[in-house]
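Residue-level structural notes
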Amino acid sequence: IPDDKGRIDMGDIDLEPAQTVLIDVLGPEGERVLGADLLVGRQWTQRSDTLTEARMKESRRAAREVGAGRYILERAPPGPWRIQVIASGYARFREYLNGREGAPLAIRLRRGLQIAGVVRSISGEPIAGAEIEVDGPNVGSPPPTTLTDGSGRFLFDILSEGEYKVEVKAKGFVPAEAGKLTA
């Protein structure tokens, strides 16, 4: 409950010692994956009502690439870590993993399944710049989006096996949805 000045006392906030997490991202054949986006975090095991009311939930931070498919996250909380990896051509990875400070954690990605298509007007003309959103298993939040190229083509190549829904929006056109696509 806010005091007379509109402040809410959250009480004590304990800080934990941080560690450095090294992560090697590998493809199915052991090849190093460059240019991946990694989010590393940990869900709090205990949440106070005050923190929940303040909408403070999970703490996630992006790891940075230091070369040759190795990524680093400094000031990481103690594990286990929830790690999410997005890399073009590979299925999205999201798991809880344990590791030791200083010892690289190896993550092996699977090849991504694809959903591709062409967006056209009802007269058959390709529509450039249409926004495509795909939703389904393990896509994350918010769902991934892409824009169609000059020929109206799009490609999602980061999908796992499952059933997907694709939504299409373009300026001047009625939105459309294709559901129950299986990758």
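This structure is a prediction, so every number in the text was calculated from the model and none was measured. (Residues numbered from 1 in each chain as written. Predicted model: local features only at pLDDT ≥ 70, side-chain atom pairs only at ≥ 80, totals over all residues. Heavy atoms only, no water.)

What about the overall build of the protein?
- Check the secondary structure of the protein and you find one helix and 13 strands.
- Ordered by position from N to C terminus, the α and β elements of the protein give β-β-α-β-β-β-β-β-β-β-β-β-β-β.
- Sorting the 183 residues of the protein into buried and exposed places 32% on the buried side.
- Once local pairs closer than 6 in sequence are excluded, the contacts in the protein between residues at least 24 apart make up 57%. (Helix = DSSP H or I, 4+ residues; strand = E, 2+ residues; numbered from the N terminus. Buried < 20%, exposed > 50% of the residue type's maximum accessible area, 1.4 Å probe, protein only. Contact = heavy atoms within 4.5 Å.)

Remarks on a nonpolar patch on the surface
- A surface patch of nonpolar side chains, about 440 Å² in accessible area, is lined by I8, M10, I13 and L15.
- For L15, the location among the structural elements is in the segment before β1 (19-26).
- L15 gets classed as exposed once you look at its relative accessible area, which sits at 80%. (Patch = residues over 30% accessible without salt bridge, like charges linked within 9 Å, V, L, I, M, F, W, Y side chains within 5 Å. Areas by Shrake-Rupley, 256 points an atom, 1.4 Å probe, with all protein chains shown as cover. Salt bridge = Lys/Arg side-chain N within 4 Å of Asp/Glu carboxyl O.)

Looking at the layout of surface pockets
- Taken as a whole, the second largest pocket spans an internal volume of roughly 280 Å³.
- Counting only elements with at least two residues in the lining of the second largest pocket, the list comes to β8 (113-118), β12 (163-169) and β13 (176-182).
- Sorting elements by how many residues they give to the lining of the second largest pocket places β13 first, with four residues. (1 Å grid on protein atoms, 1.4 Å probe; cavity = no way out; pocket = protein on both sides within 12 Å on 5 of 7 lines; lining within 4 Å. Points joined across faces, edges and corners; volume = space filled by probe spheres on them.)

Let's talk about the pattern of salt bridges
- Per the stated rule, a full pass over the model turns up seven salt bridges.
- Across the pair D24 and R70 runs a salt bridge whose closest N-O atoms are separated by 2.7 Å. Residue D24 is located in strand β1, and its partner R70 is located in strand β4 (residues 70-76); the two are separated by 46 residues in the primary sequence.
- Judged by relative accessible area, which is 9%, D24 ranks as buried.
- The residue R111 makes a salt bridge to E31 at a minimum N-O spacing of 3.1 Å. With R111 in the loop between β7 (105-108) and β8 and E31 in the loop between β1 and β2 (37-42), this pair connects stretches of sequence that are 80 residues apart.
- Classification of R111 by relative accessible area gives partly exposed; the value is 44%.
- On the basis of relative accessibility, which here comes to 24%, the residue E31 falls in the partly exposed class.
- Taken together, the salt bridges that share partners define one network made up of D24, R32 and R70.

Some thoughts on the nonpolar core
- With 21 residues, the main nonpolar core has I23, V25, L38, I83, V85, I107 and L109 as its most contacted residues.
- Sorting the residues of this core by element identifies β1, β2, β4, β5 (81-86), β6 (93-97) and β7 as the ones contributing at least two each.
- Residue contacts for I23: discarding those within four places in its chain leaves L38, V40, G69, R70, Y71, I83, L105 and I107. (Core = buried A, V, L, I, M, F, W, Y, C linked by side-chain atoms within 4.5 Å.)

Some points on the pairing of β12
- Burial of β12 is one-sided: the residues Y164, V166 and V168 facing one way are buried, the residues E163, K165, E167 and K169 facing the other way are not.
- With five bridges connecting them, β12 and β13 associate as antiparallel partners. In the strand pairing of β13, Y164 is matched with L181.
- Once β12 ends, the chain turns through six residues before running back antiparallel as β13, passing G172 with a positive phi of about 85°. (Pairing = 2+ DSSP bridges.)

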